[in-house]
Amino acid sequence: MRWPGKLACLAALLCGAGVAHGAEVVLAGGDSVARMGRMADAPGGAVRFAYPGVSSFIHFAGRELVLEASTTGDKSYLDVIVDGVYARSIHLSPRRSAYRLAGGLAPGPHTVQVLHRSETWHGVVTLHGFATDGQVLAPPSLPARRVLFLGDSVTCGEALERMPPGAKQPVWWNPRLSYGMLAANALGAQVQLVCHGGRGLVRSWNGRTDEFNLDRFYGLAIAAPDAPEPWDQRRYAPDLIVSAIGTNDFNQGIPDRAQYVDTYAAFVLTLLRDHPQAHIVLTEGAILDGDKKAALTAYITETISRTASPRVHHIPSRHYPGDTEDAHPTRDQHQQMANDFVPALRQLMSW
């Protein structure tokens, strides 16, 4: 649809970014945008999201593309990928603003992916719309294969692009280079990362049990404690689910075996019920080692025995120690983690 005058500028912000009157404008929640990841509908055709890795794809014939967006905090970043190549990262403002995603492109069709780089606690992002000086084309097709990764800060890609010295910076998060997104890409699958830093299965890193731990945030599109948004599991039917949870549960010591296995078995049964087509892989994650890892492995083994389903599997994780600055895996270690998982997942799924 080509909207004349001020309507083409989405409240004049897109005009302020340099896109001419009469530009083609599409709403972020419209049919012209392909979407990957958990999103919630917002007023005026906008979409809201908070998990890392959530992506919007737009295909257009033009030389420039502008996005209108906002966030609830001051720590949210988006990656811009133009024709499959990383172009830049954008630091979002809480104020509804226009951002030039691409400019000076060669004539012809282009595809731009906008990927959420940050975590839920960094801020909840709203995408309002896109505008181009050319023509919006049919949205690109996403892979038919679907993967869901469940986990904590490692799955979210925390600090994998760290640049010490100095305090940890939100821009150091990068789910695009996390083991989950790298593995899904190698498997030719689209992916959801449903993860939250500091959280576990039965308790958070500090021992709290009253927060959104895995069995609760699994059911949410946005796991913001002040305004949680439910997720309809029918909106995404994964072929493969990988659960890499447990590091934070074990932070304050080895949790009670009966409680842990009871909770994990009940959660896996929920996954089996919600996604009867999916294979489910349980794994320990990269950070735990020694007695704690041995205990979690035993808990996983008992959980699988309890569920008694041929669709539930254990693929062990190798320990990756991070570095002297941070216990979270580095960028190179995330690549190694993906390399570890891909052959086993490919064999399991016959992909």
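Keep in mind that what you see is a predicted model, and the values were worked out from it rather than measured.

Participant: Teacher, can you tell me more about the pattern of salt bridges here?
Facilitator: Where side chains of opposite charge bring their charged atoms close, a pairing between them can arise. A complete count under the given rule lists 19 salt bridges for this structure. Residues Glu158 and Lys168 are paired through a salt bridge, measuring 2.7 Å at the closest nitrogen-oxygen approach. On the criterion of sequence distance, the pair formed by Glu158 in the loop between helix H2 (153-156) and helix H3 (179-186) and Lys168 in the loop between H2 and H3 is long-range, its members being ten residues apart. Overall, the relative accessible area of 10% leaves Glu158 in the buried class. A relative accessible area of 37% means that Lys168 is categorised as partly exposed. When the shortest N-O distance is used, the salt bridge between Asp326 and Lys168 registers 2.9 Å. With a gap of 158 residues between them, Asp326 in the loop between strand E19 (312-314) and helix H7 (331-349) and Lys168 in the loop between H2 and H3 connect regions that are remote in the sequence. Put simply, Asp79, Arg117, Glu161, Arg176 and Arg331 are held in one network by salt bridges that share partners.

Participant: Please clarify how unusual backbone geometry should be interpreted in this entry.
Facilitator: Generally, phi is negative for residues other than glycine and the peptide bonds are trans, each holding for most cases. Looking along the chain, the bond that leaves Pro164 and enters Pro165 is cis, with omega of 5°. As for its position among the elements, Pro165 is in the loop between H2 and H3. Here the phi dihedral of Ala308 falls at roughly 55°; this positive angle occurs in a residue that is not glycine. You can see Ala308 is positioned in the loop between helix H6 (290-307) and E19. At Ser350, a residue that is not glycine, the phi angle is positive and equals roughly 55°. Counting through the fold element by element, Ser350 comes out in the segment after H7.

Calculation criteria
- Note that residues are indexed from 1 along each chain, following the sequence as it is written.
- Per-residue local features of the predicted model are confined to residues with pLDDT of at least 70, and side-chain atom pairs are confined, for both listing and counting, to 80 or more; whole-chain, interface and lining totals are unaffected and use all residues.
- Excluding hydrogens and water, the side-chain values take into account all heavy atoms of the structure.
- What counts as a salt bridge is simple: a side-chain nitrogen of Lys or Arg found within 4 Å of a carboxyl oxygen of Asp or Glu.
- Only DSSP runs of H or I with at least four residues qualify as helices, and only runs of E with at least two residues qualify as strands; both kinds are numbered from the N terminus onward.
- Type-normalised accessible area, obtained with a 1.4 Å probe on protein chains alone, sets the label of each residue: buried when under 20%, exposed when over 50%, and partly exposed for intermediate values.

By themselves, these figures tell us nothing about what the structure is for.
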